[in-house]
Amino acid sequence: MADALITLEAVSKRFGTVEAVRASSFSIADGEFFTMLGPSGCGKTTTLRMIAGFELPSGGRILLRGEDVTEVPPNRRPVNMVFQHYALFPHMSVLDNVAFGLKLKKVPKQERRRRALEMLEVVALDGLEQRKPQQLSGGQQQRVALARALINNPAALLLDEPLGALDVKLRRALQLELKRVQSETGTTFVYVTHDQEEALAMSDRIAVMNHGVVDQIGTPREIYEHPTTPFVADFVGSLNALEVVIDEVVGDSVVCRFGEVGRVVAPAPHGASSGSTWRIAVRPERVTIGTEQVAFDGGSRLSGTLQQVVYLGMLTQYHVDTPAGRVVSHRMNDEAGLSLETGAEVHVGWAADHTSVLGPASS
Ligand code: ATP
């Protein structure tokens, strides 16, 4: 990456017998909102702490603007990175909390005040500068913490589950706010979360981690629409995963037949041959359902029995047993005229490019 701010080259970390991070390699661009996403224990925090310099890698190199800083302690690194801490100083006003970093740098009082007020405006807290942290809501405290970190004008801000303590509604609102502040200030954000929706909503790129390994790196759309491993497909969003036997390879596609008209069509994976079994996936919102055969030119279509209908407010889930396995279709509830009863014979279908191939069935 030409303008990489942070580069990891085969970075690993062992704690005794635990391999917390295994040979991770990736670059983070200047000004990027980069998220490490994965379940608890996958090595996100350890990776972030190695980037910050709080943890020494067991192997590999970390570069900041091309310079090897693997063994350089955090305060001696050429790039100013800030770890965001949620805990505020309880006895200080909001203004003093935000200005704290400038005070350490001996910035004159008038300028500290001016810059802190400016930063409070960026995080939409103007007017609350004289309050104490305990007089603020959780969401407001989080914004103060953000302002306190950003006032130092870091090249990168490192954030470890900063919204974890907040309720769902507030989290969603602050996600948008964080994204806005990030693009307004142009600061590189390196963000850690286990919440896939959060990662999709905010990130320029996401690294999905699993057992210390980066499984896939891509834009939210790439990760969601074209997962390249079963783990990524399953962890990010909901999914229909099916095991299918290839009947024919036709050009760039493979066809798996079920009865007279049923078929699953997928892009031909490397090494595809007739008779081999593969795991494929399709997102439930891509699956159309109806009482008539669904016509998708060159796409997949299956018939089956409707086993379950789950009403979820904004959408309804339809669970259909087909000869290829259970297929779930999500339909938005603003679509008129779909009234299906359990036990009904139904047809599902989806376009060819909505099938992802996750790998051979044995993997
Ligand atoms: P979480 O979301 O739960 O914080 P994580 O993805 O951030 O998880 P890490 O905190 O990086 O995961 O931990 C990765 C693995 O390394 C875990 O198995 C953890 O128990 C182990 N680990 C982390 N820090 C230490 C340490 N200081 N000593 C020993 N083992 C550790």
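Everything numeric in this text was worked out from a predicted model, so none of it was measured.

Caption draft 1: Region of the structure containing the domain arrangement of the protein. In terms of domains, the protein is made up of domain 1 (4-229) and domain 2 (240-360). The C-alpha centroid of domain 2 is placed 40 Å from the C-alpha centroid of domain 1. The interface is formed by seven residues belonging to domain 1 together with six residues belonging to domain 2. Interface of domain 1 and domain 2: buried area, both sides summed, is about 550 Å²; carbon and sulfur atoms make up 35% of it. A salt bridge links Glu225 to Arg286; the shortest N-O distance between them is 2.8 Å. Of the residues that constitute the side of domain 1 that touches domain 2, the class distribution is three nonpolar, three polar and one charged.

Caption draft 2: Fine view of the sheet that holds strand S8 (residues 188-193). Read across the sheet, six strands follow the order S6-S7-S8-S3-S9-S10 without closing on themselves; strand pairing throughout is mixed. Across the chains shown, the open sheet's two edge strands, defined by having one partner strand only, are strand S6 (81-83) and strand S10 (213-218). Across this sheet, the average inter-strand angle for adjacent strands is 15°, counted without regard to direction. Taken together, the five bridges between strand S7 (residues 156-160) and S8 define a ladder with parallel strand orientation. Across the sheet, Leu158 pairs through a bridge with Val190, a residue of S8. Seen against the sheet, helix H5 (residues 168-185) touches strand S3 (33-37) and S8 and runs at an angle of roughly 155° to S8.

Caption draft 3: Looking closely at unusual backbone geometry. In this structure, Lys106 takes a positive phi of about 60° despite not being glycine. Locating Lys106 in the fold gives a position in the loop between helix H2 (94-104) and helix H3 (109-122). Judged by relative accessible area, Lys106 falls into the exposed class, the value being 71%. Even without being a glycine, Glu161 presents a positive backbone phi close to 45°. Tracing the backbone through its elements, the reader meets Glu161 in the loop between S7 and H5.

Caption draft 4: The pairing of strand S2 (residues 18-29), seen in detail. Of the pairings in the sheet, the one linking strand S1 (residues 4-15) to S2 comprises eight bridges and is antiparallel in character. Bridge assignment links Phe15 to a residue of S2, and that residue is Val18. The turn linking S1 back onto S2 is made up of two residues, and Gly16 within it adopts a positive phi angle of 60°.

Caption draft 5: Examining the packing of aromatic side chains more closely. This model, assessed by the stated rule, comprises five aromatic pairs. Their ring planes at 20° and their centres at 5.1 Å tell us that Phe26 and Phe34 sit as a pair that is stacked. A cation over an aromatic ring shows up here: Arg148 above the ring of Phe89, its NZ or CZ 5.3 Å from the ring centre.

Caption draft 6: Spatial organisation of the packing of H2 against H3. With their axes 9 Å apart at the nearest point, H2 and H3 run at an angle of 120° to one another. With respect to each other, H2 and H3 are oriented oblique. Like other packed secondary-structure pairs, H2 and H3 cross with a definite hand, here right-handed. Contacts between H2 and H3 pair Val94, Leu95, Val98, Ala99, Leu102 and Lys103 from the former with Arg112, Arg113, Arg115, Ala116, Leu117, Met119 and Leu120 from the latter.

Caption draft 7: Expanded view of the side chain of Gln141. By the secondary structure assignment, Gln141 is in helix H4 (residues 138-150). At 3.1 Å, the side chain of Gln141 and the backbone oxygen of Pro133 are in polar contact. Sequence-distant contacts of Gln141, that is, excluding residues within four places in its chain, are made with Tyr86, Leu88, Pro133 and Leu136.

Conventions and cut-offs
- Residues numbered from 1 in each chain as written.
- Predicted model: local features only at pLDDT ≥ 70, side-chain atom pairs only at ≥ 80, totals over all residues.
- Heavy atoms only, no water.
- Domains from an automatic or database assignment.
- Contact = heavy atoms within 4.5 Å.
- Buried area = accessible area lost by both parts, 1.4 Å probe.
- Salt bridge = Lys/Arg side-chain N within 4 Å of Asp/Glu carboxyl O.
- Nonpolar A, V, L, I, M, F, W, Y, C, P; charged D, E, K, R; others polar.
- Pairing = 2+ DSSP bridges.
- Helix = DSSP H or I, 4+ residues; strand = E, 2+ residues; numbered from the N terminus.
- Axes fitted to C-alpha atoms, helices over the stretch in contact; angles between N-to-C directions.
- Buried < 20%, exposed > 50% of the residue type's maximum accessible area, 1.4 Å probe, protein only.
- Phe/Tyr/Trp six-rings, centres within 6.5 Å; stacked < 30°, edge-to-face > 60°.
- Lys NZ or Arg CZ within 6 Å of the ring centre and 35° of its normal.
- Parallel < 35°, antiparallel > 145°, perpendicular 65-115°, else oblique.
- Left-handed = near helix turned anticlockwise from the far one by under 90°.
- Polar contact = N/O pair within 3.5 Å; in protein donor to acceptor, adjacent residues only side chain to side chain.

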